[in-house]
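A closer look at the structure
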Amino acid sequence: YSHTNSPGIPTSSRPTGDTMKIAMVVHSYYPADVRVRRECEALADRGEHVDLICLQKANEKANEVIDNVTIYRLPVQHQRGQGAFGYIIEYLKFFIRAFFCLTRLFMQNKYPIVQVHNMPDFLVFATLVPKLFGSKVLLDMHDITPELFVSLYGISEKSLTFKMLCFAERLSLAYADAVLTVNKNIRDLFLTRNPIARKIEVVMNAPDPRYFTPTRSGASTPTGVLRLFHHGQILRRYSFEIALEGFQIAKQKIPQLEFDIYGDGEDKYISELQAYINTHNLQDSVRFHDRVPVEQVPHLIEQAHIGIVPCKKDIFVDKVMLPVRLLEYVAMNVPTIISRVGTVESYFTDEEVAYYPHNNAQALADQIITLHNNPDKCQALVSKAKRAFQNHTWARQKETYYGVIDTLLGREKHMTTPASHSTPKTETQLEKTTL
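Residues numbered from 1 in each chain as written. Predicted model: local features only at pLDDT ≥ 70, side-chain atom pairs only at ≥ 80, totals over all residues. Heavy atoms only, no water.

**Examining the overall build of the protein**
Secondary structure assignment for the protein yields 15 helices and 14 strands. The 435 residues of the protein split such that 57% are buried. Contacts in the protein between residues far apart in sequence, at least 24 positions, make up 74% of those at least 6 positions apart. Of the roughly 18,400 Å² of accessible surface on the protein, 53% is carried by carbon and sulfur atoms. (Helix = DSSP H or I, 4+ residues; strand = E, 2+ residues; numbered from the N terminus. Buried < 20%, exposed > 50% of the residue type's maximum accessible area, 1.4 Å probe, protein only. Contact = heavy atoms within 4.5 Å. Areas by Shrake-Rupley, 256 points an atom, 1.4 Å probe, with all protein chains shown as cover.)

In C-alpha cells:
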C-alpha cells in the first residue's frame, strides 16, 4: 500500500469531481480487519473513497492513507480476554472518541452514507449528527452480541443482561437505514426478534479472488509428509485441545503427519496448548506461527493437504458462526475437516466437508486417516464443496453490497468503473497487513 508520511490529517485521498466518499466506523484495526478491508477494496474498484475511523495499535500512525481509504485511528486498543466490564469500558471510550471524530469529519465532508460495523451494536449511534443532517446509516452486523455473551460469559438467555443486549440490538437495527450481516443464519435469528426484513441483506465473508485464486485444479496429493493447516484466531471456544488430541491419535497411524497453525489469540490458552505439545513430544510435528500478511495466506494454504477447523458447539457457534477460514480452504481447493455445527451444516453437506463431533478427538483422527488413505475422496470433497459455494462467491456478494449502497443513494443501478485494484499487489506495494 501507498500511504502518507505526514503526521497531520491526510488529504491525498480527497476525491475530485463527482467521486463519492463515504465514512466508516469500526472498533477494530485497519487494514487487519479483513471484512472491512474487502468492502473498502470493493468501493475502490468503482472509484469511491472511504474515510475510516478505527482503533490504533501502539506502532501505528494516527492518520494514514492506504489506497482509497483515509484512516483516522483513535488512541484506543482492543484488550482480548478481559471481562465483560472491561469490554464495556473499552467500547465506551471508543464510542465517545468516534462520535466526536465522525461529527468533525462530517462537518467537512457531508457524507451521504456512514457505515458502522459492530461490535458493539450501540456504536451505530455515533452517527447521530450525520443522520440528523440527512446521511443514510448502514449498519454492518459482523456478530450477534446476545448469543456471543452467552458463549463467552455463560449468562442465561432469560437473564436481564441478555434481554438488555437484545433491546440494544433492536434499537440499533431500527435506527439504521439498512443492515448487512454475514450469513443467512444470523439474518434469520435477527428476524425472530426484530421485524426488519426489508432492511437486512446478507453479504458473506467470501474470499476475494484477487488473493484467493488457486494455482491447481484439485486437491494436492501428499507424496510424503501429510500437512494439516489452520489459520486465524486461536481462542478457547474453538477447542484446539480436541484438534491436538486428534492429531496425536492420527499420528500413531501416520508417522509423517504435521500440523501448522498460523495466528494469534488468547495468550493463556495458547500457552496451555504449547504445554500439551511439549508434554506429548509433538514439538517437531506441531508448529505455531505468528500471524502473516493476508496476501501470503493463499500460498500457505496451497502447501497444505487438509484444512482443520475446530469449533466448540455452543449457542453462538452452532447458531450463527460460519468460519471464514473454511470458505478460504474451499476457494483454494483444500479438503476440510470441521466440527459439526449448525451454521456450517446449513451451507455444506457431508459430501462437501468432512465433519466430526466437536468434542470427539477419535472421530477427528478417523477423518484424518480416512482422507490420507483415500485421495479420491479428497478430490470429491474439493469439487463438491466448490460447487456448493459457487452461488456465494465474492463477485456475487460484492454486487449485493453495491446494491445496498446504491439503494441508499437513490441510484437505479450501480456504476462499476474499471478496477484499479483487480490484480494482486506486489510485496513492495503492501503494508504489513495481517489476517
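Here the narrative resumes, following the displayed structure.
**Observations regarding the sheet that holds strand E3 (residues 63-66)**
In spatial order, the strands read E3-E4-E2-E1-E5-E6-E7-E8; together these eight strands make up an open sheet with mixed pairing. Among the strands making up the open sheet, the edge pair consists of E3 and strand E8 (200-202). Neighbouring strand axes in the sheet, compared pairwise and without regard to direction, differ in orientation by 20° on average. Here strand E6 (residues 136-141) runs beside strand E7 (residues 178-181); their pairing, made up of four bridges, is parallel. Directly across from Asp140, in E7, lies its bridge partner Leu180. Those strands touched by helix H6 (residues 184-193) are E6, E7 and E8, and its axis lies near 165° from that of E8. (Pairing = 2+ DSSP bridges. Axes fitted to C-alpha atoms, helices over the stretch in contact; angles between N-to-C directions.)

**Thoughts on the sheet that holds strand E13 (residues 336-339)**
Spatially, E11-E10-E9-E12-E13-E14 is the arrangement adopted by the six strands of the open sheet, whose pairing is parallel. The open sheet has two edge strands, strand E11 (286-289) and strand E14 (354-356), and neither has a second partner. Taking the axes of each pair of neighbouring strands and ignoring which way they run, one obtains an average angle of 25° across the sheet. One ladder, built from three bridges, connects E13 with E14; its direction is parallel. In the sheet register, Ile338 faces E14, and the bridge partner there is Tyr355. The sheet contacts of helix H11 (residues 324-331) involve strand E9 (226-231), strand E12 (306-309) and E13, and relative to E9 the element is tilted by about 135°.

**A few points about a nonpolar patch on the surface**
Together, Phe85, Ile88, Ile89 and Leu92 make up an exposed nonpolar region whose accessible area comes to about 370 Å². Note on placement: Phe85 falls in helix H2 (residues 84-109). (Patch = residues over 30% accessible without salt bridge, like charges linked within 9 Å, V, L, I, M, F, W, Y side chains within 5 Å. Salt bridge = Lys/Arg side-chain N within 4 Å of Asp/Glu carboxyl O.)

**Remarks on the packing of helix H1 (residues 34-45) against helix H15 (residues 394-409)**
As a packed pair, H1 and H15 sit with axes 11 Å apart at the nearest point and diverge in direction by 75°. Taken together, the axes of H1 and H15 are roughly perpendicular relative to one another. Residues Arg38, Glu39, Ala42, Leu43 and Asp45 of H1 form the contact with H15, whose participating residues are Trp394, Lys398, Tyr401 and Tyr402. A breakdown of the residues in the contact of H1 with H15 according to their chemical character gives five nonpolar, no polar and four charged. (Parallel < 35°, antiparallel > 145°, perpendicular 65-115°, else oblique. Nonpolar A, V, L, I, M, F, W, Y, C, P; charged D, E, K, R; others polar.)

**Comments concerning the nonpolar core**
Ranked by internal contacts, the top residues of the largest apolar core, which has 149 residues, are Ile53, Phe348 and Tyr401. The biggest single contributor to this core is H2, with ten residues. The residues touching Ile53, leaving out its near neighbours within four places in the chain, are Met24, Val25, Val26, Tyr72, Leu74, Phe94, Ala98, Cys101, Leu102 and Leu105. (Core = buried A, V, L, I, M, F, W, Y, C linked by side-chain atoms within 4.5 Å.)

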